[in-house]
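# Analysis of the macromolecular model
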Amino acid sequence: MKLTAKATIQIQKPINSVFEAIIDPTKMNQYFIESSTGKLETDKTVEWKFPEFDELYPVVGKIIRKDEYISFDWNGGKQNMLVEIILEKQADDSTVVKIVEHEMNDDEAGIKQVIGQTEGWANFLASLKAYLEYGINLRKGAFDFYKTTK
């Protein structure tokens, strides 16, 4: 058996605004990453830099369907390590965002990993919502303690 991390939120913005905020690095750096070498696209590898870490993280776009679905691998090519983001337009023109990250082993290490990834995706969604609805960067300063604990 394998484990998956999951998180969901509703954002009071049109689906295209949400989609662009997830794939466009000039928007992502307002709530999630410090920088990226490019826009997230199908079969394209970009590198993300997070403000609290020195390393660059390779991200491989898998399937990107405008205003509907985004998938990428950001785990160094390990088999079956895939992030899926599903966007669902609501009647009031808001957007439900569902994230599933596959797949972690059903053992102690996998359980720790799925908990950490679920927390991370919940933070991502809250930060995305705060940025799109209120123009606030929740991530700013939130993880500075990582720099001092290295």
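Just so it is clear, the model here is predicted, and its values are computed rather than measured. (Residues numbered from 1 in each chain as written. Predicted model: local features only at pLDDT ≥ 70, side-chain atom pairs only at ≥ 80, totals over all residues. Heavy atoms only, no water.)

## Some details on helix H1 (residues 15–23)
- Buried residues dominate H1, accounting for seven of its nine residues.
- Inspection of H1 places Ile-15, Val-18, Phe-19, Glu-20, Ala-21, Ile-22 and Ile-23 among the buried residues, and these make up the whole buried set. (Buried < 20%, exposed > 50% of the residue type's maximum accessible area, 1.4 Å probe, protein only. Helix = DSSP H or I, 4+ residues; strand = E, 2+ residues; numbered from the N terminus.)

## Description of the pattern of salt bridges
- Considering all chains together, one arrives at ten salt bridges under this definition.
- One salt bridge connects Arg-139 with Glu-52, and the closest N-O pair in it is separated by 2.3 Å. Residue Arg-139 is located in the loop between helix H3 (108–134) and helix H4 (145–149), and its partner Glu-52 is located in the loop between strand S3 (45–49) and strand S4 (56–65); the two are separated by 87 residues in the primary sequence.
- Overall, Arg-139 belongs to the buried group, its relative accessible area being 12%.
- Take Glu-52: its relative accessible area is 5%, and that puts it in the buried class.
- In this structure, Asp-67 and Lys-66 form a salt bridge, with 3.9 Å as the shortest nitrogen-oxygen distance.
- Of the residues examined, Lys-66 reaches a relative accessible area of 53% and is grouped as exposed. (Salt bridge = Lys/Arg side-chain N within 4 Å of Asp/Glu carboxyl O.)

## Details of the environment of Glu-119
- In this structure, Glu-119 sits in helix H3.
- It is 8.4 Å that separates the C-alpha atoms of Glu-119 and Ala-7, two residues lying 112 residues apart in sequence.

## Concerning the environment of Gly-61
- Structurally, Gly-61 can be placed in strand S4.
- Distance in space between the C-alpha atoms of Gly-61 and Trp-74 is 8.8 Å, their sequence separation being 13 residues.
- Not counting the four nearest positions on each side in its chain, Gly-61 is found in contact with Leu-40, Glu-41, Thr-42, Asp-43, Lys-44, Ser-71 and Phe-72. (Contact = heavy atoms within 4.5 Å.)

## A few points about a nonpolar patch on the surface
- On the surface, a nonpolar cluster with roughly 330 Å² of combined accessible area is contributed by Tyr-134, Ile-136 and Leu-138.
- Here Leu-138 shows up in the loop between H3 and H4. (Patch = residues over 30% accessible without salt bridge, like charges linked within 9 Å, V, L, I, M, F, W, Y side chains within 5 Å. Areas by Shrake-Rupley, 256 points an atom, 1.4 Å probe, with all protein chains shown as cover.)

## Points about the packing of aromatic side chains
- Tallied over the full model, the rule gives 17 aromatic pairs.
- Arranged with centres 5.9 Å apart and planes meeting at 75 degrees, the rings of Trp-48 and Trp-74 form a pair that is edge-to-face. Of the two residues, Trp-48 sits in strand S3 while Trp-74 sits in the loop between strand S5 (69–73) and strand S6 (83–89), which places them 26 residues apart along the sequence.
- Ring pairs connect the aromatic residues Tyr-31, Phe-32, Trp-48, Phe-50, Phe-53, Tyr-57, Phe-72, Trp-74, Trp-121, Phe-124 and Tyr-131, which therefore count as one cluster. (Phe/Tyr/Trp six-rings, centres within 6.5 Å; stacked < 30°, edge-to-face > 60°.)

## What to know about the sheet that holds S4
- Taking strand neighbours across the sheet as the criterion, the seven strands line up as S1-S7-S6-S5-S4-S3-S2 in an open arrangement whose pairing is antiparallel. In this open sheet, the two strands that pair with only one neighbour each are strand S1 (2–11) and strand S2 (35–36).
- Strand direction decides the pairing type here: S3 and S4, joined by five bridges, are antiparallel. Counted as the bridge partner of Val-46 is Val-59 from S4.
- Sheet strands in contact with H1 are S1, S4, S5, S6 and strand S7 (95–105), and its direction is about 160 degrees off that of S6. (Pairing = 2+ DSSP bridges. Axes fitted to C-alpha atoms, helices over the stretch in contact; angles between N-to-C directions.)

## Quick word on the nonpolar core
- Counting residues in each nonpolar core, the largest one holds 32 residues, and the members touching the most others are Trp-48 and Phe-72.
- For this core, the secondary structure elements donating two or more residues are S1, H1, S3, S4, S5, S6, S7 and H3.
- If sequence neighbours within four positions are ignored, Phe-72 has contacts with Leu-40, Trp-48, Val-59, Val-60, Gly-61, Lys-62, Met-81, Leu-82, Val-83, Ile-85 and Trp-121.
- One finds Ala-5, Met-81, Met-104 and Val-114 within the second-largest nonpolar core, a separate group that totals five residues. (Core = buried A, V, L, I, M, F, W, Y, C linked by side-chain atoms within 4.5 Å.)

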